[in-house]
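Read off the chains here:
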Amino acid sequence: MQALLYTLAPVLAVVLGAIIASRTKLKPNLVAGLQHLAAGVVFAAAATEILPQVKHEASPSATLIGGAAGVATMLGLKAFEARFKGPMALLAAIGIDILVDGLVLGLAFVAGEKAGFLLTIALTLEVLFLGLTLTDELAETYRSRLRIIVIVSALALLLPIGALAAVPVATLSPVMVAGFLSFGLMALLYLVTEELLVEAHEKPDTPLISSMFFVGFLALLTLEEIMG
């Protein structure tokens, strides 16, 4: 139930992103800077909260199997996006992406309340851009802004569904939990390296924009240390 409550923040972020994108066009430099910031925050959450939990169990087989499954899932999603075009394929791909985000958030709460809280912050920033991007792309197909916002909002509800899917993991053995956390770790690293940063580098880059990655990383690292 705690994980479900925390998913309200990223759900609202997706809806907010849709509303903003439907009403205004953000400057490319601003978007790139915020994407670097979000990437730094997500990377810090993965490094400080999820990775230590995986290493703590010290199970090479769980780490390998869970991690390989995470990589295969994300690469499969990328292949799906590349092969199938059109609004329905886009919605399916984004829906799966959001569902995985919810699952990873639920897994973070299995690791601990602090891990879940910090990952909530990270994923809230990430899905905000999903809302922005999806709204821009749907605007090429649908003229009604309200219809687009409703579609994006409906997809956002997959976040709590994904978090619910992680609930049974808490009842498994520590080794099995480590495997699922390894899955989540790979999904987060893919999110940083193959989505947020790739999209950010498609826009004009400056030292200030690049520095936002480290601002985000240090901000979450500092918050993690303050929380103890």
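Named according to an unreviewed UniProt entry, the chain is Transporter originating from Sphingomonas turrisvirgatae.

(A) Region of the structure containing a nonpolar patch on the surface. A cluster of nonpolar side chains, namely Leu 172, Met 176 and Phe 180, defines an oily patch on the protein surface of about 240 Å² accessible area. Assignment of secondary structure puts Met 176 in helix 9 (residues 174-200).

(B) Just the environment of Arg 145, in detail. Along the chain, Arg 145 falls in helix 7 (residues 145-156). When its relative accessible area of 45% is taken as the criterion, Arg 145 is described as partly exposed. Arg 145 sits 122 residues away from Arg 23 along the chain, and the two C-alpha atoms are 8.5 Å apart. Dropping the residues within four chain positions of it, Arg 145 is found in contact with Ser 22 and Arg 23. A distance of 3.4 Å separates the side chain of Arg 145 from the backbone oxygen of Ser 22, its partner in a polar contact.

(C) A look at the packing of aromatic side chains. Counted according to the given criterion, the structure contains five aromatic pairs. Judged by centre distance (5.0 Å) and plane angle (50°), the ring pair of Tyr 6 and Phe 109 falls under tilted. Taken as a pair, Tyr 6 in helix 1 (residues 2-6) and Phe 109 in helix 5 (residues 87-111) lie far apart in primary sequence, 103 residues in all. Overall, Tyr 6 belongs to the partly exposed group, its relative accessible area being 22%. When its relative accessible area of 13% is taken as the criterion, Phe 109 is described as buried. Residues Phe 43 and Phe 217 carry aromatic rings whose centres are separated by 5.9 Å and whose planes lie at 40° to one another, so their mutual orientation is tilted. Here the residue Phe 43 occupies a position in helix 3 (residues 28-57), and Phe 217 occupies one in helix 10 (residues 207-227), the gap between them amounting to 174 residues. When its relative accessible area of 32% is taken as the criterion, Phe 43 is described as partly exposed. In textbook terms, an aromatic cluster arises when at least three aromatic residues are bridged by ring pairs, as seen for Phe 43, Phe 213, Phe 214 and Phe 217.

(D) Broad picture of the pattern of salt bridges. Under the definition given, this model contains four salt bridges. Its salt-bridge partner being Asp 136, residue Lys 25 comes within 3.8 Å of it at the nearest N-O pair. Taken together, the residues Lys 25 in the loop between helix 2 (8-23) and helix 3 and Asp 136 in helix 6 (residues 113-138) connect sequence positions 111 residues apart. For Lys 25, a relative accessible area of 66% gives the class exposed. In this structure, Glu 49 and Lys 114 form a salt bridge, with 3.9 Å as the shortest nitrogen-oxygen distance. One end of the pair, Glu 49, is in helix 3; the other, Lys 114, is in helix 6, and 65 residues separate them in sequence. Among the charged side chains, a salt-bridge network with shared partners connects Glu 49, Lys 114 and Glu 224.

What counts as what
Within every chain, residues take consecutive numbers counted from 1 along the sequence as written. This being a predicted model, a pLDDT of at least 70 is required before a residue's local features are given, and a value of 80 or more before pairs of side-chain atoms are given or counted; all residues contribute to the totals for chains, interfaces and linings. Side-chain numbers here rest on the full set of heavy atoms in the structure, without hydrogens or water. Patch membership needs two things, relative accessible area over 30% and no salt bridge, and members are linked within 9 Å if like-charged or within 5 Å if nonpolar (Val, Leu, Ile, Met, Phe, Trp, Tyr). Only the protein chains shown count as covering a residue, and every accessible area follows the Shrake-Rupley method with a 1.4 Å probe. Any carboxyl oxygen of Asp or Glu within 4 Å of a side-chain nitrogen of Lys or Arg constitutes a salt bridge here. A run of DSSP states H or I qualifies as a helix once it reaches four residues; a run of E qualifies as a strand once it reaches two. Both are numbered from the N-terminal end. Between buried and exposed lies partly exposed: a residue is buried under 20% and exposed over 50% of the maximum accessible area for its type, with that area taken using a 1.4 Å probe on protein chains only. The contact definition used throughout considers only heavy atoms, calling two residues in contact when any of these lie within 4.5 Å. Any pair of N or O atoms that falls within 3.5 Å is considered a polar contact. Within protein, one atom must be able to donate a hydrogen and the other to accept it, and sequence-neighbouring residues count only if both atoms are side-chain atoms. In this scheme Phe, Tyr and Trp rings, the latter by its six-membered ring, pair at centre separations within 6.5 Å, and the angle between planes marks the pair as stacked below 30 degrees, edge-to-face above 60, and tilted otherwise.

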